[in-house]
Each structure stands twice: as C-alpha cells, then as structure tokens.
Amino acid sequence: MNTPCNFTEKDITRAIAESFFKSFNDCIESDCIIVGGGPSGLIAARDLALAGKKIVIIERNNYLGGGFWSGGYLMNKITIKEPAQEIFEELKIPFTEYKQGLYVADAPLACSTLISETAKAGAKILNMTSFDDVVLRDKKISGVVINWTAISHLPRSIAALDPIALESKIIIDATGHDAKVCGRLAEQGIIKMKGMGTMWVEESEKVIVEYTDEIYPGLVICGMAVSTVFGLPRMGPIFSSMLLSGKKAAGIILDKVTKDEIRDTKDENIKSSIV
Ligand code: 48H
C-alpha cells in the first residue's frame, strides 16, 4: 500500500535547491581544493577530510573515479604493487596476490569503495564543475576559478558566462595526464611543464611519489600530473603510485595547513619547475 504524499513537486525542487546552496556556500572557503576526482585526488581528499580539514573536490565529470574504473585496455581489473596493498587493506577493498608484490582487485569495487570512503570522510564534491583558472594573489595560489562543465563545452557565442571563484589555503592539481592547473601556470610562463615521459613501470612507480610536492606556493601536485609536469616515465595500468602520491600530497598539506605556515615565494625548498 502506498502512503499518501504530503508534498508536491515544488517541495522536491525546494529540497534540492535549498540543500544544494547550503552545501555550495560551504565550499566557497576551505582548507584545500582538490581539482580532479581520480584515485590520487580521492585518496588525498579522504585523508585530509579524516584529519578534520575542510576539503572540496572539483570534478568535471558527473562521476568521480577518473581512470580507476578500469585497468588497461578497458579490462576492469586494477593492479597495484607493494606497499599500496596496505591502502586496500585500510579501505577494506578485497584483492588477491597475482605474483609476489603484485596485487589485483576488481576495478568497480575498488573505485566505488574509494569514492564512498572519501564522501563518508566528509569531503565536499562539486561534480560537473570544471577548473577554469587559478586565483593568484601576491605570487601564491589562493583559489580556483570554476564553471559548470556544460558551459565550457558551449561556443562562446552562446554561453559567454563568467565563471566564479572559490578560495582555499592550498590547491592540489590531481587532474591526471592533463595537469590542468599546472598547465594554466605554464601558459603564463610561471612554471615549466615537460610533458609525460614514456613507459617504465619500476622507475615510474618510485619517482612519481618522490616528486609529489608543493611546486609553487599554494599548489601541490599528485598522481599523473607529476609525470606531466616533470617529464617522468609513465607506469601504464598500475595504480600504486597514484594512491601513494595522493597520500603523500595529503601529508604535505596536513603539515602546512596544521602549522598554518603556507610558504612564501622566497622559500627555496620548493622543488622546481618555477621559471
Ligand atoms: C575538473 C578535471 C579537469 C578539469 C581533469 O586521470 P585520473 O584518474 O588522474 P590520477 O592522476 O588520479 O590517476 C591517473 C590514472 O587514472 C591513470 O590514468 C594512469 C595510472 N595512467 C598511467 C599511464 O601510463 O597512462 O583522474 C583525473 C580526474 C578525472 O576525473 C578528470 O575528469 C578530472 O580529473 N579533471 N576536473 N576540471 N579541468 N581535468
């Protein structure tokens, strides 16, 4: 038997609009904005949110997960190498050992679990939202400029709509191969970008994590964006360094944001591609 409805269509619309704008208002100022909701961005967001930081993920697609939904050649199995199986254990993602140190998991289960754990940890998610630009104030990245993804796909003659800005203490570029945030700085001649290197799994899995860092004041990079910026070798369909790099990015930010000491441009520790 159907319970009678004590609401109409207008109440459903109000429920959506009021709760969306309340959440959106909360995204306008945060501790960290993560651009890109693939594996590296998601794990960084989860760790930061679990540590009590206010985190916003900007994702241009309607779905999160990036390349983590499938392995190579559209085969939906994910491989990882030690010690990243410890992250699967932490997230309770089932996996099997294929060969010593090489592990396999079902991609849909691994990806949906990572998304769900990130959302449950409290990270806020703006999907169908594209990164457009950075807010660059006094030689420090202080926010991102965004627009609806649909707008960025329309010709300017139809949709010449201005984007809007969100502010945060620090930004992560987790946009994968495109390294979109870094690309914007490169366009301005502020940093150099070498382009993704060719495949060499052993080396790549190591150096991607090593080079994960703050590359410009207020901007940390993780995941495949690290390969694109520094010209490091790619690893193909294995995701250990994506997860480890995301975790390292979160650790770097926790250090900085917790101590509230965002470096200034004169800090010589910043590894760099700064021109
Ligand atoms: C908002 C954006 C924008 C934008 C892109 O590609 P990803 O999965 O990235 P990673 O680095 O977490 O993982 C890379 C991995 O999936 C992979 O491709 C590997 C291991 N390749 C190896 C190899 O040899 O090729 O996710 C990036 C996310 C996606 O969801 C994009 O939609 C999103 O970023 N994104 N979001 N605004 N302008 N650009």
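Scroll up to find the structure this text is about.
These numbers come from a predicted model, not from an experiment.

Caption draft 1: Spatial organisation of the site of the ligand. Within the structure, the ligand sits among 27 residues, and Ser-40, Glu-59, Gly-67, His-177 and Arg-234 are positioned closest to it. Contact distances for the ligand include 2.6 Å between an oxygen atom and a side-chain N or O atom of Glu-59. Residue Arg-234 places a side-chain N or O atom 2.7 Å away from an oxygen atom belonging to the ligand. Summarising the interface, the protein chains cover 92% of the accessible area of the ligand, which totals 800 Å² for the free molecule. If you list the elements that add at least two residues to the shell around the ligand, you get α2 (39-50) and β7 (129-137). Per-element tally for the shell around the ligand: the top contributor is β7, with three residues.

Caption draft 2: Structural detail: helix α6 (residues 180-187). Among the residues of α6, Val-181, Cys-182, Gly-183 and Leu-185 are the ones counted as buried. Gly-189 lies just past α6 and shows a positive phi near 75°.

Caption draft 3: Focus on a negative patch on the surface. Together, Glu-82, Glu-86, Glu-89 and Glu-97 give the surface a local cluster of negative charge. Relative to the assigned elements, Glu-86 resides in helix α3 (residues 85-91).

Caption draft 4: Molecular detail of the environment of Leu-166. Residue placement: Leu-166 occurs in strand β9 (residues 164-173). The class for Leu-166 is buried, based on a relative accessible area of 0%.

Caption draft 5: View of the packing of aromatic side chains. Per the counting criterion, the structure on display carries seven aromatic pairs. Plain terms: the ring middles of Phe-20 and Phe-21 are 5.1 Å apart, the flat faces sit at 80° to each other, and that makes the pair edge-to-face. Taking relative accessible area as the criterion, Phe-20 reaches 31% and is therefore assigned partly exposed. Phe-21 sits in the exposed class, given a relative accessible area of 53%.

The rules behind these values
- Residues numbered from 1 in each chain as written.
- Predicted model: local features only at pLDDT ≥ 70, side-chain atom pairs only at ≥ 80, totals over all residues.
- Heavy atoms only, no water.
- Near = heavy atom within 4 Å.
- Polar contact = N/O pair within 3.5 Å; in protein donor to acceptor, adjacent residues only side chain to side chain.
- Areas by Shrake-Rupley, 256 points an atom, 1.4 Å probe, with all protein chains shown as cover.
- Helix = DSSP H or I, 4+ residues; strand = E, 2+ residues; numbered from the N terminus.
- Buried < 20%, exposed > 50% of the residue type's maximum accessible area, 1.4 Å probe, protein only.
- Patch = residues over 30% accessible without salt bridge, like charges linked within 9 Å, V, L, I, M, F, W, Y side chains within 5 Å.
- Salt bridge = Lys/Arg side-chain N within 4 Å of Asp/Glu carboxyl O.
- Lys, Arg positive; Asp, Glu negative; His and termini not counted.
- Charge placed at Lys NZ, Arg CZ, Asp CG, Glu CD.
- Phe/Tyr/Trp six-rings, centres within 6.5 Å; stacked < 30°, edge-to-face > 60°.

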